[in-house]
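A closer look at the structure
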Amino acid sequence: SKQAYIRSKPHLNIGTMGHVDHGKTTLTAAITKVLADRGTGSFVPFDRIDRAPEELRRGITITIAHVEYETDTRHYAHVDMPGHADYVKNMITGAAQLDGAILVVSALDGVMPQTAEHVLLARQVGVRHIVVALNKADAGDEELTDLVELEVRELLTAHGFDGDVLPVVRVSGLRALEGDPRWTAAIEALLDAVDTYVPVPERYVDAPFLLSVENVLTITGRGTVVTGAVERGTVRPGASVEVHRGEGEQLASVVTGLETFGKPMEFAQAGDNVALLLRGVQRGQVRRGDIVAAPGSISAHAGFTARVYLVPAAEGGRHTPIATGYRPQFYIRTADVVGDVDLGAVAMALPGDTVDLAVTLARPLPLEPGLGFAIREGGRTVGAGTVRSVR
Ligand code: GDP
Ligand code: MG
């Protein structure tokens, strides 16, 4: 039978962010290799992370690769995205769950547009702790790398992070993957920096259970499984839950199975990445973006007010102002819904502005003040905001 998940260390969710080709996936593979050699994880090769063949076989579109590992003091779930669009579209809302991030910057190239966009989005979704991996340090010139470090610290400071003090570690994912001792030690130093700099967050374990569905799969003979990160509360096998569907309908169900990374769990709590087996739910009845929650604990709303930061054109945002009647996509938790914007008395708002506005979504979603979201249009992130009130 399967080995059970033993909760012996605090669990944290982290992830790699950064510009395409700066080495996020190579670094992710290198981390698993270094920890596998230490005996506290299993090696996950580059191809498994970047292509996730198992999931492709099940016919699921891959948007996020999760790997799991342990350091001496913590258990981590680590996410890596295949591409920038996946990162933004699928991570942003899920990134609200990230307790910390590893910003990967190539020492050869420095800060690039996606580096800046990921830093901005991390800030907007509430990531407070970033550790920088200056990657490809094996190929970089030391003085140039010093300049890149300054540039990254400045970027982070400009976005409200503690750019002067946060750890910046020079690494080579590629050389560590090859077993080079110097660069293996650099990965160890990076992990130590994550262990010490990213605090164990306060978990909302006493709140009613809530999970936003990331993926849905069917296990023949067993039923429908939903996966995602527990946003708050705890859940056990046998628990009654409600599935809040996109159309504002609810479905009563019972959790009949609970796993993390293929290991059965006695209970899951806020911060855990889990798979829930739901009794009596058909595959077509639940989809990405739906919410599974404790019965009676949440309500859906189509209307809300928000404070929104419009991304400047120089950072990939719009080049023109927005006005009442603007109709972009709203990425809220794992859902993606079109919404009508009303600016009220203000005639228009410019990229770079922070504005208060009202939104009417095309379908109701469970919403509450304080919830973060991203605004997207034509494949770009043009805004990020926080819900202020619901109606
Ligand atoms: P991602 O798009 O950020 O996930 O980047 P990848 O991990 O796919 O790496 C992009 C390219 O950079 C690949 O050709 C890697 O072999 C190369 N690369 C990654 N890490 C390093 C490194 O530490 N040193 C050098 N020299 N090349 C690297
Ligand atoms: Mg990659």
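Quantities reported herein were computed from a predicted structural model and do not represent experimental measurements.

Definitions and cut-offs
- Residues numbered from 1 in each chain as written.
- Chains lettered and ligands numbered in written order.
- Predicted model: local features only at pLDDT ≥ 70, side-chain atom pairs only at ≥ 80, totals over all residues.
- Heavy atoms only, no water.
- Helix = DSSP H or I, 4+ residues; strand = E, 2+ residues; numbered from the N terminus.
- Expected span 1.5 Å × (residues − 1).
- Buried < 20%, exposed > 50% of the residue type's maximum accessible area, 1.4 Å probe, protein only.
- Pairing = 2+ DSSP bridges.
- Axes fitted to C-alpha atoms, helices over the stretch in contact; angles between N-to-C directions.
- Contact = heavy atoms within 4.5 Å.
- Patch = residues over 30% accessible without salt bridge, like charges linked within 9 Å, V, L, I, M, F, W, Y side chains within 5 Å.
- Areas by Shrake-Rupley, 256 points an atom, 1.4 Å probe, with all protein chains shown as cover.
- Salt bridge = Lys/Arg side-chain N within 4 Å of Asp/Glu carboxyl O.
- Near = heavy atom within 4 Å.
- Polar contact = N/O pair within 3.5 Å; in protein donor to acceptor, adjacent residues only side chain to side chain.
- 1 Å grid on protein atoms, 1.4 Å probe; cavity = no way out; pocket = protein on both sides within 12 Å on 5 of 7 lines; lining within 4 Å.
- Points joined across faces, edges and corners; volume = space filled by probe spheres on them.
- Nonpolar A, V, L, I, M, F, W, Y, C, P; charged D, E, K, R; others polar.
- pLDDT = per-residue confidence, 0-100.

Structural notes on helix H1 (residues 24–38)
Between the first and last C-alpha of H1 there are 21 Å, a value that for 15 residues agrees with the 21 Å anticipated at 1.5 Å per step. Within H1, eleven of the 15 residues are buried, which leaves the element mostly enclosed by the surrounding structure.

As for the sheet that holds strand S17 (residues 300–310)
Taken in spatial order, the six strands line up as S17-S20-S19-S18-S21-S22 and close into a barrel, and their pairing is antiparallel. Looking at each pair of strands side by side, their axes are set apart by 45° on average, direction ignored. Where S17 lies against strand S20 (residues 354–366), nine bridges are found, and the strand directions are antiparallel. Each bridged residue has a counterpart across the sheet, and for Thr 305 the counterpart in S20 is Ala 358. Docked against the sheet, helix H5 (residues 113–124) engages S17, strand S21 (372–377) and strand S22 (380–390), running at close to 5° with respect to S22.

Digging into a nonpolar patch on the surface
Nonpolar side chains collect at one region of the surface, where Leu 144, Leu 147 and Leu 150 lie side by side and expose about 300 Å² of accessible area between them. Here Leu 144 lies in helix H6 (residues 142–158). On the basis of relative accessibility, which here comes to 41%, the residue Leu 144 falls in the partly exposed class.

Re the site of ligand 1
In the vicinity of ligand 1, 15 residues are found, and the nearest of them are Asp 21, Lys 24, Thr 25, Thr 26 and Asp 138. At 2.8 Å from an oxygen atom of ligand 1 is found a main-chain nitrogen or oxygen belonging to Asp 21. A distance of 3.0 Å separates an oxygen atom of ligand 1 from a polar side-chain atom of Lys 136. Bound to the protein, ligand 1 loses 78% of the 580 Å² it would expose on its own. Elements supplying a minimum of two residues to the shell around ligand 1: H1 and helix H7 (173–177).

Examining the environment of Gly 223
For Gly 223, the position within the fold is in strand S9 (residues 223–232). A relative accessible area of 23% places Gly 223 in the partly exposed class. Considering only alpha carbons, one finds Gly 223 and Pro 369, 146 residues apart in sequence, at a separation of 34 Å. When residues no more than four places from it in sequence are discounted, the contact partners of Gly 223 are Leu 217, Thr 218 and Leu 277.

Quick notes on the side chain of Thr 224
Here Thr 224 shows up in strand S9. Polar contacts involving the side chain of Thr 224 include one to the main-chain amide nitrogen of Arg 283, which spans 3.3 Å. Aside from chain neighbours lying at most four places away, what touches Thr 224 is Val 216, Leu 217, Leu 276, Leu 277, Leu 278, Val 281, Gln 282, Arg 283 and Val 286.

Concerning the pairing of strand S4 (residues 100–106)
Of all seven residues in S4, seven are buried, a share of seventy percent or more. Across the two faces of S4 the burial is the same, with Gly 100, Ile 102, Val 104 and Ser 106 and Ala 101, Leu 103 and Val 105 all buried. Where strand S1 (residues 11–17) meets S4, four bridges bridge the pair, whose relative direction is parallel. In the strand pairing of S4, Ile 14 is matched with Gly 100. Bridge count between S4 and strand S5 (residues 130–135): six bridges; the pairing is parallel.

Quick word on empty space enclosed by the protein
In total, this model carries four cavities of 30 Å³ or more according to the counting rule given. Estimated volume of the largest cavity: approximately 50 Å³. The wall of the largest cavity is formed by His 244, Arg 245, Gly 246, Gly 248, Glu 249, Gly 289, Asp 290, Ala 300, Pro 364, Leu 365 and Pro 366. Of the residues forming the lining of the largest cavity, the biggest block, three residues, is contributed by S20. A breakdown of the residues in the lining of the largest cavity according to their chemical character gives four nonpolar, four polar and three charged. In this model, the second largest cavity occupies a volume close to 40 Å³. Lining the second largest cavity are Ser 212, Gly 289, Ile 291, Ile 332, Arg 333, Thr 334, Ala 335, Leu 365 and Pro 366. The class makeup of the residues in the lining of the second largest cavity is five nonpolar, three polar and one charged.

Focus on the confidence of the model for the chain
In the predicted model, the chain carries a mean pLDDT of 88, and the fraction of residues at 70 or more is 93%. Within the model, pLDDT remains below 50 along residues 52–62, and this stretch shows 16 contacts once partners closer than five positions in the same chain are excluded. As scored by the predictor, the complex reaches a pTM of 0.72 and an ipTM of 0.99.

Things to note about the pattern of salt bridges
All chains considered together, the criterion is met by 18 salt bridges. Ionic pairing is found between Asp 37 and Lys 33, a salt bridge with its closest N-O pair at 3.0 Å. Taken together, the positions of Asp 37 and Lys 33, both in helix H1 and four residues apart, correspond to about one turn of that helix. Overall, the relative accessible area of 58% leaves Asp 37 in the exposed class. For the salt bridge of Arg 175 with Asp 138, the shortest nitrogen-to-oxygen distance reads 3.5 Å. Highlighted residues: Arg 175 in helix H7 and Asp 138 in the loop between S5 and H6, separated in sequence by 37 residues. Overall, Asp 138 belongs to the partly exposed group, its relative accessible area being 29%. Linked by salt bridges that have partners in common, Asp 146, Glu 149, Arg 153 and Arg 170 make up one network.

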